[in-house]
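Notes for the structure review
Residues per chain are reported as follows:
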Amino acid sequence: MNEFMKKAVEEALEGIRNKEGGPFGAAIVKDGVIIAVGNNKVIATNDPTAHAEIVAIRRATEILGRFDLSDCEIYTTCEPCPMCYSAIHWAKIPVMYYGATRKDAEDIGFSDKYLYDVLSGEIEDTRLESNQIDVEECLEAFRLYDEDEDKTLY
Ligand SMILES: [Zn+2]
């Protein structure tokens, strides 16, 4: 078994034993070394965004002191949900290894299907009422940012 995925699985199992959240684990690897691990801590922290991948990414960025993880790889015990997939993208991680599939997760009650279907345009989102308001006022921060000569693009 892959040594990095082994660590991610151990994290997932430890999280279940401690009743911290769902059965998911992740590891961030840089230069062939694990620099951060994480497991789902949604229950332990009352944080719905505390998925294994997010927890691991937050730890890795804190350790490295930067938000750019383009020199890292992520190992996750399950195909990521849309939120984690996006976080991996925003962290600029170029390589991912995953174990179980979203279908495996769905089979035990962790379904991402609704989100994937909404994001792909297959169905309309009926669970979130979304309203656009105060556009001009909200664009003020955009204008300020765009005028900044030293702006950093994310
Ligand atoms: Zn997730």
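What you are looking at is a predicted structure, and each value in this text was computed from that prediction instead of being measured. (Residues numbered from 1 in each chain as written. Predicted model: local features only at pLDDT ≥ 70, side-chain atom pairs only at ≥ 80, totals over all residues. Heavy atoms only, no water.)

1. Brief notes about the sheet that holds strand S1 (residues 25-30)
Spatial ordering of the open sheet is given by S2-S1-S3-S4, a layout of four strands whose pairing is mixed. Every interior strand has two partners, whereas the edge strands, strand S2 (33-39) and strand S4 (95-100), have only one. Within the sheet, the average angular offset between the axes of one strand and its neighbour, ignoring direction, is 15°. Of the strand pairs in this sheet, S1 and strand S3 (residues 72-78) are connected by five bridges, and their pairing is antiparallel. Of the residues in S3, the one forming a bridge with Ala 27 is Tyr 75. Across the sheet, helix H3 (residues 52-64) is in contact with S1, S2 and S3; its angle to S2 comes to roughly 140°. (Pairing = 2+ DSSP bridges. Helix = DSSP H or I, 4+ residues; strand = E, 2+ residues; numbered from the N terminus. Axes fitted to C-alpha atoms, helices over the stretch in contact; angles between N-to-C directions. Contact = heavy atoms within 4.5 Å.)

2. A few points about the coordination of the zinc ion
Only His 51 (ND1), Cys 81 (SG) and Cys 84 (SG) from the protein coordinate the zinc ion, and they sit 2.0 to 2.3 Å from it. Positions of the donor residues of the zinc ion along the chain correspond to the pattern H-x29-C-x2-C. Comparing Cys 81 with Cys 84 shows no difference in burial state: the two are buried. (Donors = N, O, S within 2.8 Å, 3.2 Å for Na, K, Ca; no water. Buried < 20%, exposed > 50% of the residue type's maximum accessible area, 1.4 Å probe, protein only.)

3. With respect to the pairing of S4
Sheet topology places S3 next to S4; five bridges connect them, and they run parallel. Within the sheet, the bridge partner assigned to Glu 73 lies in S4 and is Val 95. In this view, the connection linking S3 to its parallel neighbour S4 by way of helix H4 (residues 82-90) has right-handed handedness. (Right-handed = clockwise from strand over helix to strand, strands pointing away.)

4. Topic: the layout of surface pockets
Roughly 220 Å³ of internal volume is contained in the largest pocket. In terms of lining, the largest pocket is formed by 15 residues, of which the most central are Phe 24, His 51, Cys 81, Phe 110 and Asp 112. Here the lining of the largest pocket is built from residues that sort into seven nonpolar, five polar and three charged. (1 Å grid on protein atoms, 1.4 Å probe; cavity = no way out; pocket = protein on both sides within 12 Å on 5 of 7 lines; lining within 4 Å. Points joined across faces, edges and corners; volume = space filled by probe spheres on them. Nonpolar A, V, L, I, M, F, W, Y, C, P; charged D, E, K, R; others polar.)

5. With respect to the pairing of S1
Moving residue by residue along a regular strand, the side chains alternate between the two faces of the sheet. Of all six residues in S1, six are buried; the element is thus mostly enclosed. Neither face of S1 is open: one carries Gly 25, Ala 27 and Val 29, the other Ala 26, Ile 28 and Lys 30, and all of them are buried. Pairing of S1 with S2, which is carried by six bridges, proceeds in the antiparallel orientation. Directly across from Ile 28, in S2, lies its bridge partner Ala 36. Adjacent in sequence and paired antiparallel, S1 and S2 are bridged by two residues, among which Asp 31 carries a positive phi angle near 55°.

6. Here's the deal with the pattern of salt bridges
Pairing of side chains with opposite charge becomes possible as their charged atoms draw close. Per the stated rule, a full pass over the model turns up 13 salt bridges. Here Lys 6 and Glu 10 are joined by a salt bridge, their closest N and O atoms 3.2 Å apart. Taken together, the residues span about one helical turn, with Lys 6 and Glu 10 both in helix H1 (residues 3-17) at a distance of four residues. A residue is classified by how much of its surface remains accessible, and Lys 6, at 42% relative accessible area, is partly exposed. Glu 10 sits in the partly exposed class, given a relative accessible area of 34%. Lys 103 serves as the salt-bridge partner of Asp 107, at 2.8 Å between the closest nitrogen and oxygen. Note that Asp 107 and Lys 103 are positioned in helix H5 (residues 102-107) at a spacing of four residues, about one turn of the helix. Taken together, the shared-partner salt bridges in this structure form one network comprising Lys 30, Asp 31, Arg 66 and Asp 71. (Salt bridge = Lys/Arg side-chain N within 4 Å of Asp/Glu carboxyl O.)

As far as function goes, none of this settles anything; it's purely spatial.
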